[in-house]
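Geometric and topological summary
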Amino acid sequence: MEQIVATRPRVLLEQRTLDVDGFEVGVAIAGHGAPLVLLHGFGVESMLYAQTLARLTHLGFQVVAIDVPGHGQSDGVGPLPSLSDYVHRIDGALRALRTEGIGPSVVVGHSLGGRLALELAAADPASVLGLVLLAPITGAPWDRLQGLMRWSPPVLAGYGVLAALDVAATVPLRANRAQTLKLSRRIIPSVQTMVLRPWNAWATMTAVLRAPASTATLDAVRAAHVPAVVVHGAQDRLVSARAARATAQCLDAAFVVMPGVGHNWMIRDPDALPTVMATALDGPFGTAIEARGYTVRSR
């Protein structure tokens, strides 16, 4: 796969909040062109992906990163929310942005964000040009693990330890000191948010554990013929290769394996996701986007 080298001017993301039914939703926007919405994973915030987002603008995308409710600058959704509550709040933010000319989008979702992206596509497939699911918490094998965590505290605790280890491995302590400093500065706000508002983390975890199986949603998205790509890190310990592959099979999606990386590979290496996207634009994504009158660059 061809490596994209970022030698272009620095891209600044405009951060602000939107009012959705009286609640604030944090967004970061940059670039011009085909809308690309990014939904982040559990326990972090959209600005942790800032380096990757800046590089995506060079492919001809207008990136819109949304803070999932209870994360970053977004308000929480209550003590016992359902996953649909999160989807409703995110959908409200996207509807507010339509008044600014941001219409149907490519939706990129990482981990929890992957499940939320899938739910958005199932609820309104016309608003989604395509899905890029990065280690999504979907697929029958994940559904089985979710059931175990729901009823077995030791399994849930073990998963929490694995998650903490994977986050720690995201920072390239030895390989790249400059990148280590950049990621450290961006990780601190995420950690502070979780420490200062632990009830939001608990609410999100509860919503995930109580969520229905993902297979019906996967079937609905496939029936709507939404083009999709599923990307899996070969060393991901949080979402198994079986779960990622099952997700791709259910969606009839392209399945990409990233060698030698874990769950948060797109944060550790900001050039990785733009490279995947550039390749995807040669297929159904590029066709769908061009049909809407957008011009994107696959290389």
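Counting restarts for each chain: residues are numbered from 1 in the order of the written sequence. It should be noted that, the model being predicted, local features are given only for residues of pLDDT at least 70 and side-chain atom pairs only at 80 or more, the latter also being counted only at that level, while totals for whole chains, interfaces and linings use all residues. Each side-chain value is derived from all of the structure's non-hydrogen atoms; neither hydrogens nor water enter the calculation.

Take the side chain of H71 next. Tracing the sequence through the fold places H71 in the loop between strand 4 (61–66) and helix 2 (83–98). Residue class for H71 comes out buried when judged on its relative accessible area of 0%. In this structure the side chain of H71 is engaged in a polar contact, spanning 3.1 Å, whose partner is the backbone oxygen of P69. Think of it this way: any DSSP run of H or I at least four residues long counts as a helix, any run of E at least two long counts as a strand, and we number them from the N terminus. Three labels apply to residues, based on accessible area from a 1.4 Å probe with only protein chains included: buried if under 20% of the type maximum, exposed if over 50%, partly exposed otherwise in between. The term polar contact refers here to a pair of N or O atoms within 3.5 Å; inside protein, the definition further demands a hydrogen-donor-capable atom paired with an acceptor-capable atom, and it admits residues adjacent in sequence only when both atoms are side-chain atoms.

Within the open sheet, the eight strands sit side by side as 1-2-4-3-5-6-7-8. Their pairing is mixed. Unpaired on one side and paired on the other, strand 1 (14–20) and strand 8 (254–258) mark the two borders of the sheet. Shown here is a sheet whose adjacent strand axes are inclined to one another by a mean of 20°, direction ignored. The pairing of strand 6 (residues 128–134) with strand 7 (residues 228–233) spans four bridges and is classified as parallel. Residue pairing across strands places L131 opposite A228, the latter belonging to strand 7. One requirement defines pairing of two strands: DSSP has to find at least two bridges between them. Every axis corresponds to a line fitted to the C-alpha atoms, with the helix fit spanning only the stretch in contact, and the corresponding angles, defined between N-to-C directions, vary from 0 to 180 degrees.

Here strand 4 lies mainly inside the structure; six of its six residues are buried. Alternating residues of strand 4 divide into F61, V63 and A65 and Q62, V64 and I66, and every residue in both groups is buried. Sheet topology note: the strand 2 (residues 23–30)/strand 4 ladder contains four bridges and is antiparallel. Within the sheet, the bridge partner assigned to A30 lies in strand 4 and is V63. The crossover handedness rule: strands pointing away from the viewer, path from first strand over the helix to second strand clockwise, crossover right-handed. At this point the chain moves from strand 3 (residues 34–39), through helix 1 (residues 50–57), to the parallel strand 4, and the crossover so formed is right-handed.

Salt bridges are defined by distance alone: a side-chain nitrogen of Lys or Arg within 4 Å of a carboxyl oxygen of Asp or Glu. One pass over the structure, following the stated rule, counts six salt bridges. Note that R98 and D124 form a salt bridge whose closest N and O atoms lie 3.8 Å from each other. Here R98, found in helix 2, pairs with D124, found in the loop between helix 3 (112–123) and strand 6; they are 26 residues apart in sequence, far enough to count as distant. A residue is classified by how much of its surface remains accessible, and R98, at 33% relative accessible area, is partly exposed. In the salt-bridge network here, residues are joined through shared partners; they are E14, R16 and E100.

The subject of this paragraph is the packing of helix 2 against helix 3. Taken N-terminus to C-terminus, the directions of helix 2 and helix 3 make an angle of 70°; their axes are 10 Å apart at the nearest point. The angle between helix 2 and helix 3 places the two elements in the roughly perpendicular class. Each of L83, Y86, V87, I90, D91 and L94 in helix 2 lies in contact with helix 3, whose residues at this interface are L112, R115, L116, E119 and L120. Working rule for angles: under 35 degrees goes down as roughly parallel, over 145 as roughly antiparallel, 65 to 115 as roughly perpendicular, anything else as oblique. For this analysis, residues touch if any pair of their heavy atoms sits within 4.5 Å.

Attention now moves to the packing of aromatic side chains. Stacked, edge-to-face and tilted labels apply to pairs of Phe, Tyr and Trp rings (six-membered ring for Trp) whose centres lie within 6.5 Å, assigned for plane angles under 30 degrees, over 60, and everything in between, in that order. As enumerated under the stated definition, the model contains one aromatic pair in all. Seen from their ring centres, W142 and Y159 are 5.9 Å apart, and the 65° between their planes marks the pair as edge-to-face. Here the residue W142 occupies a position in helix 4 (residues 140–151), and Y159 occupies one in helix 5 (residues 153–170), the gap between them amounting to 17 residues. The same class applies to W142 as to Y159, namely buried. Its end group placed over the ring of F23, R89 keeps NZ or CZ at 4.1 Å from the ring centre. Charge-over-ring placement is defined geometrically: NZ (Lys) or CZ (Arg) within 6 Å of the ring centre, and within 35 degrees of the ring normal.

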